[in-house]
Each structure stands twice: as C-alpha cells, then as structure tokens.
Amino acid sequence: MSGTTDTSGTTGANGTTGAAGTAGTAGTAGAGPARDAEALRARALAALTAARSRTALLTDCVEDGELTAQHSPLMSPLVWDLAHIGNQEEQWLWRTVAGREALRPEIDPLYDAFAHPRAERPSLPLLPPAEARAYASDVRIRVLDVLAGARLDGSPLVDSGFAFGMIAQHEQQHDETMLITHQLRKGPAALDAPPPPTHSSGPLPEEVLVPGGPFTMGTSDEPWALDNERPAHVRTVPAFHIDVLPVTNGSYLAFMADGGYTDPRWWHPEGWAQIREHGVVAPLFWHQEGGRWLRRRFGTTEPVPEDEPVLHVSWYEADAYARWAGRRLPTEAEWEKAARHDPVAGRSRRYPWGDADPGLEHANLGQRHLRPARAGSYPAGASPLGVRQLIGDVWEWTASDFLPYPGFRAFPYKEYSEVFFGPGHKVLRGGSFAVDAVACRGTFRNWDLPVRRQIFAGFRTARSAELD
C-alpha cells in the first residue's frame, strides 16, 4: 500500500489536490437515519470527486507518449495507474456493492498489482490513454448512480459508506504514486503549484518530553479506517524525547559534511552495503554543482532549501543520521503517542490538533503545494505537547517493522495489509504534501522497503528519557 507498493488501496499506491474533506465521522448526531445517510452520501461523493479531479490533473498535463512510457522501473506507466483506478472501482463498487455484471472482466489480469511487477507492466497489452480514460469515466458514471441509491448500512463493507471511502482512498493513493512518477520523469515541469504559506513563529525547543504510560493506539470507530489501523488497543510507552520538527535539509547537510556517507559506524550493515554498491552520497535528486547542493523537483532545478524537511531519503539514511546525531528513530507507538495523546484529557485525538478534519491552517496536504513547508510551519496543527508538522509535509520513517495490531482481522482482502506484515517493511507515519486528507489520519499507517528513496519520505528523531 504504501508509498510504493501498489496493493490495494493503498497509499502509494500509495499510498495523494486539494484535500478532499473526508475524514470526519459520518452523519449528524440526532439527525435521524435518513439525514445521516444523505450526509454519508455527500461525503462519499465529495471524496470520489476530489480524487478523480486529481487523477485528471496528473494525467491530462502530459502527452499520451508520456502516459504510456515507463519513467522508472520502480513505477508503473501512468496509463496503467489510470486504468487500474477504474478497474478497482468497477470490481468493488459496481460488481461487489451493486452486484452488477462485470463490464470488462478480460482486463482484470492486466491490472492486478500482484500478477505483474511494475517493471513488466509496459510490455502488457494495456488500454491506450483514450480508452483508459473512457473506461474509468464509464465506471464512475455507473458508480455515482449506485451511490445515489445504495444502502449505507447492513454489512461491514457498506456501513458508513466504507467501500466508497476505501475506493476514494485507493485512488488518492495511486495519485500519490503518479506524483512520484512525475518527480522521476525527465524533461520540463508539467505541474505547478504555489509555495506553501510561511508561518512565522518564535524560537522553538529542539525536543519535547513525552511522558511515559499507557495510551490508546489505533482505532475501532473511525468509519473509513483501513484494516491495519484497527483495532484500538492500549500501549504502554516509556517516557521519551522527540524532535519538535522534522529533520531539515540544513541539519542533514551537516551529517553529509561530517562524512556521514563514508563512515560505516552509523549504518545498518544492509544500508552500508546498499549505499556503497550504488554510490549514494546524498538524498535522491540532489547533486553538487559549483560547491553547492542543488535538487531537481518536478522538472525544476533549484538550490537545496536548508529550512525545509529533508526529503527522498531511505530508512537506512534516516537511521544513519539518527545514529550520527546520538539519537534514534522513534518507534511507531512513540510517533503515534506524540501525535495523538492528550495528557491533560487522558485520551487519543484523531489528529494532533484535535478531532476536526484537516483545514488549510493545520497541515500541508493534498498536493496544494509541490514541496514541504518550512520547518516550524503550521502552528495550528501542533500536538498537545507542541510537536509540529506531524501530519503532512513528509512521510516520517519509524524504527518499527510493519506488523498487525493485537486482534487484527484482514478486511476486506488480505492483500491490502496482511501479505506485507513482517520485518521486510518499515512503517512510515504522518503523510506528506502529496497525500490527501482522505488517506491521512493520526492512525494511518504507511509502509515500504527500507531502501526506498523515491517516496516523499523524511523523518524526525527521538531518544529515551532514561538516558537523561
């Protein structure tokens, strides 16, 4: 699912244009079943419409040759994602929810993410761009008719409009994947967006202490939460310190200047072997010219901005930096406690700032800006302890392997999460500027291979309080 796997419904496939207002609980208290159903229908319609608008933005901005080309063996051709989005929508909403006859059953194997690795997809007899667009559009027209009359209760798949929310998340996750492809493609910029807002703030502490003790991790009542976020359960976490801000380019440049990429002391053995084999000396898309570091960002070359969170680093690079700094990556439980736990109220919030859906003032989400905001931005999105930018800007690597929560049940299919559990994948949390609000919550879990660098990932560091 994740930023680079395309299973499911994921992010990253990942698994992200204007944050579609999607996260809230369904219905209006005391409004009655009919009004609740209409509120759910409106929410699902808004989420599906926002996702499709973003898909169009990402695929209409380039010529057909760019859609059918494979810009990196790590990614699918854009046209594959386009038709895959339609095929998943057909399979789940038209065939399964509505119980209708398949429209294009012959193409199912072509768009099965597990049947064909990404590197092989250009050789498949894929639908050409015009046909892929027409197919996805035809499916959507039919699905909107289904949504208009569907019962939104009676089974786990449709309760609170879950299936429609799952498909909206799936499309947004593939939109994030397609944005990664845009970053990897060569040539002039095809996308544009204004810079993030600048939020002035006074000096901030480098870290905060998160008190030890139990907190509620995960969720059992977020209507569109996916299976790996469930169920809610109590975790006890010892006291720890965590960075107030994500690690910046400027701080990462200090690691590089101190020989960070040439000193094996800081590196996991597999990470050391990886960077030596591939000659890695800096984050992906960086190069040195005239004594200064530049980066390529969506077809534009620019100086590396020292005050932005570092981006396009692997888990191995994040781990090495943390060791060099005398710190470590936070565990997934530590990250979520720092993001959600309110020590005064003694409960876990939906988001760091509270239970309200993300607003423009809270976080850099939804491809509104094609870059992270300056570190220290979005004070309105801070956690109860004052930790900034936990949601949006950059996915944050954690120290944890991707594992199921106690009581996990695969739903509605094991390929979304279950097949990825184990030590091979590391958890990322928080979302990036490329993630839409529908696919980003305080409980949302992303995962990827520790070597991945093309995803929009950065990190922050932590340390155990007993070391004080």
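Look above for the structure.
With that settled, consider helix 5 (residues 162–184). At 3.6 residues per turn, the α-helix brings residues three or four places apart onto the same side. Along its 23 residues, helix 5 runs 33 Å from first to last C-alpha, staying within 8% of the 33 Å computed at 1.5 Å per residue. Taking burial as the measure, the 23 residues of helix 5 include 23 buried ones, the bulk of the element.

Taking every second residue as pointing to the same face, both faces of strand 4 (residues 240–243) are buried, with Phe240 and Ile242 on one and His241 and Asp243 on the other. As paired elements, strand 1 (residues 207–210) and strand 4 share 4 bridges and run antiparallel to each other. Paired with Glu207 across the strands is Asp243, a residue of strand 4. Of the pairings in the sheet, the one linking strand 4 to strand 14 (residues 462–464) comprises 3 bridges and is antiparallel in character. Each residue of the ladder has a partner; that of Phe240, found in strand 14, is Ser464.

As a further point, take the pattern of salt bridges. Taken as a whole and judged by the stated rule, the model has 38 salt bridges. Two residues, Arg297 and Glu302, come together in a salt bridge whose shortest N-O distance is 2.8 Å. Residue classification places Glu302 among the buried positions, given a relative accessible area of 12%. Here Glu332 makes a salt bridge to Arg429, at a shortest N to O gap of 2.8 Å. Of this pair, Glu332 sits in helix 9 (residues 332–340) while Arg429 sits in strand 11 (residues 422–429); the two residues are 97 residues apart in sequence, bridging distant segments of the chain. One continuous salt-bridge network, built from bridges that share partners, spans Arg295, Arg297, Glu302, Glu308 and Arg371.

A few words on the pairing of strand 7 (residues 300–303). Looking along a regular strand, one sees side chains alternate from face to face of the sheet. For strand 6 (residues 292–297) and strand 7, the ladder comprises 4 bridges, and the chain directions are antiparallel. Each bridged residue has a counterpart across the sheet, and for Arg297 the counterpart in strand 7 is Thr300. Where strand 6 hands over to strand 7, the hairpin turn is made up of 2 residues, of which Phe298 adopts a positive phi near 50°.

Grouped together as the largest cluster of nonpolar side chains are 117 residues, with contacts concentrated most on Phe164, Leu179, Tyr252, Phe255, Trp397 and Phe459. Considering every element that reaches this core, the biggest residue donor is helix 5, with 10 residues. If we ignore the near neighbours within four places in the chain, the residues touching Phe255 are Gly260, Tyr261, Trp266, Trp267, Ala320, Tyr321 and Trp324.

About the thresholds
Residues numbered from 1 in each chain as written. Predicted model: local features only at pLDDT ≥ 70, side-chain atom pairs only at ≥ 80, totals over all residues. Heavy atoms only, no water. Helix = DSSP H or I, 4+ residues; strand = E, 2+ residues; numbered from the N terminus. Expected span 1.5 Å × (residues − 1). Buried < 20%, exposed > 50% of the residue type's maximum accessible area, 1.4 Å probe, protein only. Pairing = 2+ DSSP bridges. Salt bridge = Lys/Arg side-chain N within 4 Å of Asp/Glu carboxyl O. Core = buried A, V, L, I, M, F, W, Y, C linked by side-chain atoms within 4.5 Å. Contact = heavy atoms within 4.5 Å.

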